[in-house]
Each structure stands twice: as structure tokens, then as C-alpha cells.
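Chain residues, written in single-letter form:
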Amino acid sequence: MIREAYYEDLYKILELYLYLHETAIPEESTHLKQTWESIMNDKNHHLIVCEVDGKIVSSCVCVIIPNLTRNVRPYAFIENVVTHREYRGKGYATECLDYARKIAKENNCYKMMLLTGSKEPETLNFYRKAGYNSSDKTAFIQWLE
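For every chain, the first residue of its written sequence is number 1, and the numbers climb from 1 along that sequence. Totals for whole chains, interfaces and linings use every residue, but because this is a predicted model, local features are given only for residues with pLDDT of at least 70 and side-chain atom pairs only at 80 or more, for both listing and counting. The side-chain quantities take in all heavy atoms of the structure and omit both hydrogens and water.

A.B. asks: Any details on the nonpolar core? Residues and values, ideally.
C.D. replies: The tendency in soluble globular proteins is for nonpolar side chains to be buried as a group. Cys60, Cys62, Ile78, Val81 and Leu97 are the most contacted members of the largest nonpolar core, which totals 23 residues. Where helices and strands are cited, they refer to DSSP runs of H or I of at least four residues and of E of at least two residues respectively, numbered from the N terminus. For this core, the elements supplying multiple residues, two or more each, are strand E2 (45-52), strand E3 (55-65), strand E4 (75-83) and helix H3 (92-106). Here this core takes 7 residues from H3, the largest share from any one element. What leucine 97 contacts, discounting residues up to four positions off in sequence, is Cys60, Ile78, Val81, Leu114, Phe126, Tyr127, Ala130 and Tyr132. Note on terminology: a nonpolar core comprises buried Ala, Val, Leu, Ile, Met, Phe, Trp, Tyr and Cys residues joined through side-chain atoms within 4.5 Å. For every residue, the accessible area obtained with a 1.4 Å probe (protein chains only) is divided by the maximum for its type, and the residue is called buried under 20%, exposed over 50%, and partly exposed between those limits. Of all hydrophobic cores here, the second largest spans 14 residues; its members include Ala5, Tyr17, Ile56 and Val82. The contact criterion used throughout is that any non-hydrogen atoms of two residues lie within 4.5 Å.

Here it is as C-alpha cells:
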């Protein structure tokens, strides 16, 4: 089942993020709780999950960004695409991305952008197959400490 995250999904999502790039689940803190509440209460922040037998096995984030160009149409930014290692290759991440596309269309977005740190050919091919291309734009990242 593809859906947006529920408030009680926090620790299931944090466990899934161990398959992304995290090395540990953050300690419970006021900051973690406030961040989660901010995400859950932001109408433009969509944390999409795929649940199989009560377990969250795949997820992505879709943020709708208001914009003054392109006839004042927003755009969508996709981040944190992840699938539990044991559930890969079953189409769950594709379903999450399709759900994100639906949200973007409902919000009249003119484009969706996605960044990946992966250089793995199978990951890049997955994004191409999902309809993304790497030729229209050039991404630059500046990491802040």
C-alpha cells in the first residue's frame, strides 16, 4: 500500500533510512520530535511510504516548492528515495515515485527534480526508467557543516 506517512511511522521510517546513508537511528530528542512535527504539519512536504504486511519497505520525499516563474507554477523536489534491501526489485520505489508524480500534478507543478548521490548504473537506470533524465540540468551541491 502506497500512502503518506502517519505520525506514528517515525521510527519505522528512521529504520528504513539505515538503507539510505544513515549509520544509526537518531536519539530521541526535542529536536527530532520538532522536526517530525514540522514535516507532518507542512502541507508542501509529502513523505511517501510503501507498506507491505505492516512494514514500511520503501519511501521517498516529495516537496512542493512555490515558484514565481513558469506562470507562477510550483515545482516538486524528490529526495530520500530508499527501499529496504530485502524488498528491492519488486517495484515499490517506482510506486512511491508514481505517487509523488501524482502529488506534483495535483499541485500543478511544471517539473519534478531528483538528485542522487549514487553512481551505480542500476540506480541511474532505475531513475531513467522512472522518467527522469540527467541531461536537462546540471546539479551543483555545496555541503554545509
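A.B. asks: Which residues make up unusual backbone geometry, and what are the values?
C.D. replies: In this model, arginine 70 sits at a positive phi of 55°, which is unusual for a non-glycine residue. Among the structural elements, arginine 70 can be located in the loop between E3 and E4. Looking at arginine 70, the relative accessible area reads 56%, which means it is exposed. Not every positive phi belongs to a glycine, and asparagine 71 is a case in point at roughly 60°. Among the structural elements, asparagine 71 can be located in the loop between E3 and E4. By relative accessible area, which is 71% here, asparagine 71 ends up exposed.

A.B. asks: I'd love a proper account of the sheet that holds E2, names of residues and values included.
C.D. replies: In a beta sheet, neighbouring strands pair by backbone hydrogen bonds and run either parallel or antiparallel. A pair of strands is labelled paired if DSSP reports no fewer than 2 bridges between them. Spatial strand order, E1-E2-E3-E4-E5: 5 strands in an open sheet with mixed pairing. Among the strands making up the open sheet, the edge pair consists of strand E1 (2-4) and strand E5 (112-114). Taking each pair of neighbouring strands and ignoring which way they run, the sheet shows an average axis angle of 30°. Summarising the sheet, E1 and E2 pair through 3 bridges and their orientation is antiparallel. Bridging from a neighbouring strand, isoleucine 2 pairs with cysteine 50 of E2. Between N-to-C directions, angles span 0 to 180 degrees; the directions come from axes that are lines fitted to C-alpha atoms, helices contributing only their stretch in contact.

A.B. asks: Report on the pairing of E3, specifying residues and quantitative values.
C.D. replies: For E3, the buried fraction is high: 8 of the 11 residues fall into the buried class. Direction of pairing for E2 relative to E3: antiparallel, over a ladder of 8 bridges. Paired with valine 52 across the bridge in E3 is lysine 55. In textbook terms, the turn of a hairpin is the stretch between consecutive antiparallel strands, and for E2 and E3 this stretch comprises 2 residues, one of which, aspartate 53, has a positive phi near 50°. In terms of strand pairing, E3 meets E4 through 7 bridges, oriented antiparallel. Counterpart to isoleucine 64 in the pairing with E4 is alanine 76.

A.B. asks: Tell me about the side chain of arginine 3, and name the residues and values.
C.D. replies: Along the chain, the position of arginine 3 falls in strand E1. Arginine 3 sits in the buried class, given a relative accessible area of 6%. Not counting the four nearest positions on each side in its chain, arginine 3 is found in contact with Asp9, Leu47, Ile48, Val49, Glu51, Ile56 and Tyr99.

Limitation: the analysis is restricted to geometry and does not speak to function.
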